Every structure is written in structure tokens, then in C-alpha cells.
Amino acid sequence: VARAMGKLQSKMSFHTSKYRADGSVGQTGSLGTTREQSPAHTDAVTCVAALRPDLCVSGGRDKSVAVCSWRSGAVLWRFLGHEREVTKVTSALDSNRVFSASRDKTVMMWELQGPSGPSQHFPGHDLVVTGLAVSPDASQLCTGSRDNTVCKWDTETGECLGRAMISRNLVTHLCWVPGEPYVIQTSEDKTTRVWDSRELQVAHTFPAKQHIQTCCAVSQDGRYCLSGSSGCAGQGGEATLWDLRQTRSRVCEYKGHFQSTTSCVFLPWGPELAPSIATSSSDSTVKVWDRDTGGRG
């Protein structure tokens, strides 16, 4: 997968049509051997998200969206249509719909078994789209931008169902709480907000941190959310665990990165695995933490 998601190592040819969805470009050999796959993107990969247990979706500076197999590394679909770099990708798990946001100020919806072009287009932001979250049933979409707005959309019709603006709320990330109408949003104003998507109103704002909040994630049970901080030279760069259900207070902090935390995720856990989280950073490291104690695994 690392090879498939990396920079281009051999020249690839593309058609000049504005929109395109490519089929599989990789093959798997016999006896469990995997042939070398062409990279998914021709420039830096900017975002990646889970699509199904065996598939992931990614976006890149090459303006494309790619769907890859975790197992073989093969690119199964490639979608073209954005005019600038793709900034975010997401999908409702086990869905055939993929969503992508871009510096071209738009969001597009793609169907894995659908037409070659986007099946829905969501224009309306005035600046780069930096937040993207889809409801669990894939019927609604929330988007956020550096234009200080959060919007809600009907994915079937493309209609904008609501638009909310908060001064200095430069959105950095969005994620939908599983099984709930709530959306978590981080911002350059150093706060993490909980939006009620039904009326598109802020239901709660956690206490502001000392640094820009760069990313967020929600646990599968909907009880906790994570936010990551920007940082430099050992100052900032922490991740913070927040309680969503009861006290809505800070539960734990994870300190150890020397630069900005760029992404965070709750790891699967079970009877023999302690609840854990993982963070990545501009300091070139990925760290795994005990969720409840903040200790590193």
C-alpha cells in the first residue's frame, strides 16, 4: 500500500477529459504473490480514509481521488474532476459513495458503480474546503472552510440545507459522531466545537487550547473525541481527549510530539487490547498511546 500511495516512479498517461473514473489498474499473481502496482497519485497524497474493510480512498495534489485495495495495493477506481488539490476525502462505511473536498472551493460525490463524472456537486464556499463529514446513512453532508462557515447538504439533491458562520472560525477538520446528529469541528481559533446538525447550531464548545486545533476524531461508541494541536520546538503538539457524553470536559492529554499533530485516530480494541489512540506529527513520528493513562505503547 505504501508503494501505491507514494510518489510516481514511472510515467503514467491520463486522458484529457474533465471527469473520469478509471477501473482497476493492478493485478494480483498466483500463489499469493502481488505484482508491483502503479502509484495511486502522481504527486503528494494529502488525505486518506477508510471506505470498506478492504478498501481505502485517498486524495492528492494531482487533483484526483483514488480508491485502493488494502490487500493488493491496486488502484480500483480513480476519479478526476477537481480543478485544484484535493484536501479531504470521506465516505460512510460500507457505502458506494465517496466524497472529496478541494482547494477549488467545491465538494464532489462519486459513485463506485455510477457514472464516470461526479454524481453530485456541492459549490458554495468562498475559500478552500477544509472540513468534510458525512452522516452514517450518507444522506447528509457537512462541510467547513477557511471562509469561517459550516454548511449542511442533502446528498441526493445537492441542496444546501443550512449555512452557519462564526467569526474567525477557520475550519481545520470535521467528523460525524456515530449514531448521533452531532458533528465535531476543530478550528484555527484554537477551539473544538460540537455542532447539532439538525439546526446547524453549536451545541457545545470545549475550552480553548493554547494552539491551533488541527484535526479531530470520534470513538466508535460516540463517547469520546480527540483533537490535535499545532506546535513547534516541543511547545504544543499535544492531542486531547474530550468526554462527549457526560461532563464534556477534558479527560486526558497526550504529550510527546515536538511539532504539530497532523492526524489522530482511535484504534480498534477488545478483551485482550487496552483502548489506544494513535497520532502522527510533522516531527516525522507516529505515536501510540494508552487512551486512559496517556502512556505510550
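Residues numbered from 1 in each chain as written. Predicted model: local features only at pLDDT ≥ 70, side-chain atom pairs only at ≥ 80, totals over all residues. Heavy atoms only, no water.

### A word on the UniProt feature "repeat: WD" (unreviewed entry) in the chain
Here's step 1: Under the feature "repeat: WD" (unreviewed entry), the UniProt entry names residues 79–113, 122–163, 171–205 and 277–297.
Here's step 2: As a span, residues 79–113 carries 0% helix and 51% strand, and end to end its C-alpha atoms are 12 Å apart.
Here's step 3: The annotated region residues 171–205 carries 0% helix and 63% strand content, and the separation between its end C-alpha atoms amounts to 14 Å. (UniProt positions renumbered as here; feature names shortened; annotations may be inferred. Helix = DSSP H or I, 4+ residues; strand = E, 2+ residues; numbered from the N terminus.)

### Points about the sheet that holds strand β24 (residues 261–266)
Here's step 1: Read across the open sheet, the 3 strands follow the order β24-β25-β26; overall the sheet is antiparallel. In this open sheet, the two edge strands, each paired with only one partner strand, are β24 and β26 (286–290). The sheet shows a mean angle of 20 degrees between the axes of neighbouring strands, taken without regard to direction.
Here's step 2: Across 5 bridges, β24 lies against strand β25 (residues 276–281) in antiparallel orientation. For V265, the partnering residue across the bridge sits in β25 and is A278. (Pairing = 2+ DSSP bridges. Axes fitted to C-alpha atoms, helices over the stretch in contact; angles between N-to-C directions.)

### Focus on the pairing of strand β5 (residues 75–80)
Here's step 1: Within β5, 5 of the 6 residues are buried, which leaves it mostly tucked inside the rest of the structure.
Here's step 2: Of the pairings in the sheet, the one linking strand β4 (residues 64–69) to β5 comprises 5 bridges and is antiparallel in character. Across the sheet, residue S64 finds its bridge partner in β5, namely L80.
Here's step 3: Adjacent in sequence and paired antiparallel, β4 and β5 are bridged by 5 residues, among which G73 carries a positive phi angle near 85 degrees. (Buried < 20%, exposed > 50% of the residue type's maximum accessible area, 1.4 Å probe, protein only.)

### Let's talk about the pattern of salt bridges
Here's step 1: Here the structure, examined in full by the defined rule, presents 14 salt bridges.
Here's step 2: Ionic pairing is found between R97 and E111, a salt bridge with its closest N-O pair at 3.1 Å. Here the residue R97 occupies a position in strand β7 (residues 97–102), and E111 occupies one in strand β8 (residues 107–111), the gap between them amounting to 14 residues. Each member of the pair, R97 as well as E111, carries the same accessibility label: buried.
Here's step 3: Its salt-bridge partner being E238, residue K209 comes within 3.3 Å of it at the nearest N-O pair. (Salt bridge = Lys/Arg side-chain N within 4 Å of Asp/Glu carboxyl O.)

### Observations concerning the sheet that holds strand β13 (residues 160–165)
Here's step 1: What the 4 strands build is an open sheet, ordered β10-β11-β12-β13; its pairing is antiparallel. Across the chains shown, the open sheet's two edge strands, defined by having one partner strand only, are β10 (129–134) and β13. Strand after strand, the sheet turns through a mean of 15 degrees between neighbouring axes, direction not considered.
Here's step 2: Pairing between strand β12 (residues 149–154) and β13: 5 bridges, direction antiparallel. Looking across to β13, one finds that K152 is bridged to G162.

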